[in-house]
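Residue-level listing of the chains:
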Amino acid sequence: MTPVARTVGFKPGERNIFFHILTACNLSCRHCYINPAQHGSETLALATIERWLEQFVAPGETGNVIFLGGEPTLHPDLAAAVAHAKGLGFCVTVDSNGYLFHDFLHRTSPDLLDYLSFSLDGPDPGVNDPLRGSGVFATCVGNIRKAVEMGFRTSLIYTVSSRNLLHLERMVPLLGELGIKKFFIQVIGLRGRSAGPTAGEHALQVSRDKWLAVVPAVAAMAAAQGIQVTYPKVFIERDEIFECAGRVAENYFIFPNGRVYQCPLCEDHPINAWRIEGDRLVKNAGLREDRLFTLDIPEGCVMNKLLQPDTIDYGGDGRPAHKISCCLLKQEIG
Ligand code: SF4
Ligand code: SF4
């Protein structure tokens, strides 16, 4: 039977903690969204990471912690942070660019780390390395093989841009060969470096038609091989229900300067709803992202309308032809 994609609704009572423990990175990817002017350049001490994590423990709720950077394995105490998060009851993921510094695989274990996620943006060095850096494909694939051999559950993140959309299909045999369990297809955002002058005018963006022509079909191919595939919904029809995760879900995007956002599209602006101060999670007052979440507009996502209005097509009646979904709303197949 051909697998069919389903929309994954936001789950009440589940917390997702996206924890950027540093912003330093050994790479300089074309589409990097890290913005040290807004996110800080500190490397958080292990004791700080532990105290901040404890702020997000909620009795009776399940939670996922995703350690991010920068490159989180540049942190010498990442393995200890993973163990602490696991001890607090979280399901733990590390998102790495594949370099796995500080002998990370040998300092943690598949019992503590639920998923080790690798970022790769092409099925070969010719596609991946111009986007992520020379030699990155070989290093990342080599470390995926090591991780799989050692029994780690691995996932792979592919950020779709105009430079690699047409190569997505060739990822399917590679995923099978590497033993990847989950495949996350992301869409390039207008944040960080991809929004800057060096990116060129929308040089990396992908149109709705091109996205729909490629991504769902490739996702179905990977799912047919037994791989679980997740990709953003991006576009929803006029009559479909729109939900803003900022209103109905519990997502926290934590940065080393103490800013805590609920919406990733807001991260380039000092409008974070929360902050960590004195190791306590504190709600910010005033005009913040959470005030924007409450606005109902026919275009769907308010932040998308503010930041990238030319992603929206309008019909002859002046109404949007489709709505832009919350960037956190996913389709899942497999
Ligand atoms: S996208 Fe990730 S791996 Fe690439 S430069 Fe940015 S933080 Fe580093
Ligand atoms: S992406 Fe849009 S819909 Fe999703 S949380 Fe942010 S403002 Fe809300």
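Residues numbered from 1 in each chain as written. Chains lettered and ligands numbered in written order. Predicted model: local features only at pLDDT ≥ 70, side-chain atom pairs only at ≥ 80, totals over all residues.

A. Layout of the overall build of the chain. The helix and strand inventory of the chain stands at 11 helices and 15 strands. In terms of overall size, the chain behaves like a compact globule, its C-alpha atoms giving a radius of gyration of 19 Å where 334 residues would be expected to give roughly 20 Å. Taking the principal axes of the C-alpha coordinates as reference, the chain spans close to 60 × 50 × 40 Å. Within the chain, the fraction of its 334 residues that count as buried is 41%. Taking all contacts inside the chain whose residues are at least 6 apart in sequence as the whole, residues at least 24 apart take part in 71%. (Helix = DSSP H or I, 4+ residues; strand = E, 2+ residues; numbered from the N terminus. Rg over C-alpha atoms; globule rule 2.2 N^0.38 Å. Buried ≥ 20, exposed ≤ 12 C-beta atoms within 10 Å, placed from the backbone. Contact = placed C-beta atoms within 7 Å.)

B. Main features of the site of ligand 2. Not every one of the 13 residues close to ligand 2 is listed here, only the nearest: Cys244, Gly246, Cys263, Cys301 and Cys326. Of all elements in the fold, only α9 (245-248) and α11 (302-307) reach the threshold of two or more residues within the shell around ligand 2. In the shell around ligand 2, the residues fall into 11 nonpolar, 2 polar and no charged. (Near = placed C-beta within 6 Å. Nonpolar A, V, L, I, M, F, W, Y, C, P; charged D, E, K, R; others polar.)

C. Expanded view of the site of ligand 1. Taken together, Cys25, Leu27, Ser28, Cys29, Cys32, Ile34, Gly69, Gly70, Glu71 and Asn97 form the complete shell of residues around ligand 1. Here the residues of the shell around ligand 1 sort into 5 nonpolar, 4 polar and 1 charged.

D. Looking closely at the nonpolar core. Counting residues in each nonpolar core, the largest one holds 82 residues, and the members touching the most others are Val65, Phe67, Val82, Ala219, Ala222 and Val229. Filtering out sequence-adjacent residues up to four positions away, Phe67 remains in contact with Phe19, Ile21, Pro72, Leu78, Ala81, Val82 and Val94. (Core = buried A, V, L, I, M, F, W, Y, C linked by C-beta atoms within 7 Å.)

E. Layout of the environment of Glu177. Positionally, Glu177 belongs in helix α7 (residues 171-178). With 10 C-beta atoms packed within 10 Å, Glu177 lands in the exposed category. In the structure, Glu177 is positioned 157 residues away from His20 in sequence and 31 Å away in space, judged by C-alpha atoms.

F. Summary view of unusual backbone geometry. For the bond from Gly69 to Gly70, the omega torsion is 15 degrees, close enough to zero to count as cis. If you trace the backbone, Gly70 turns up in the loop between β3 (62-68) and α3 (78-87). Here Leu100, not a glycine, exhibits a phi torsion of approximately 45 degrees, which is positive. Looking at the secondary structure, you find Leu100 in the loop between β4 (91-96) and α4 (104-107). Non-glycine residue Asp103 carries a positive phi angle of around 55 degrees. With respect to the secondary-structure elements, Asp103 resides in the loop between β4 and α4.

G. The pairing of strand β8 (residues 228-232), seen in detail. Direction of pairing for strand β7 (residues 182-187) relative to β8: parallel, over a ladder of 3 bridges. Within the sheet, the bridge partner assigned to Lys182 lies in β8 and is Gln228. (Pairing = 2+ DSSP bridges.)

H. Seen up close, the pairing of strand β2 (residues 14-20). Relative to β3, β2 is paired through 7 bridges, and the arrangement is parallel. Within β3, the position partnered with Arg15 by the bridge is Gly63. Pairing geometry for β2 and strand β10 (residues 250-254), over 5 bridges, is parallel. Opposite Arg15, over in β10, you have Glu250 as the bridge partner.

I. The packing of helix α2 (residues 46-54) against α3, seen in detail. The contact between α2 and α3 brings their axes to 10 Å, and the two run at 20 degrees. Overall, the two elements α2 and α3 adopt an arrangement that is roughly parallel. For the pair α2 and α3, the crossing hand works out as right-handed. Residues Leu46, Ile49, Glu50 and Leu53 of α2 pack against Ala80, Ala81, His84 and Ala85 of α3. Residue classes in the contact of α2 with α3 are distributed as 6 nonpolar, 1 polar and 1 charged. (Axes fitted to C-alpha atoms, helices over the stretch in contact; angles between N-to-C directions. Parallel < 35°, antiparallel > 145°, perpendicular 65-115°, else oblique. Left-handed = near helix turned anticlockwise from the far one by under 90°.)

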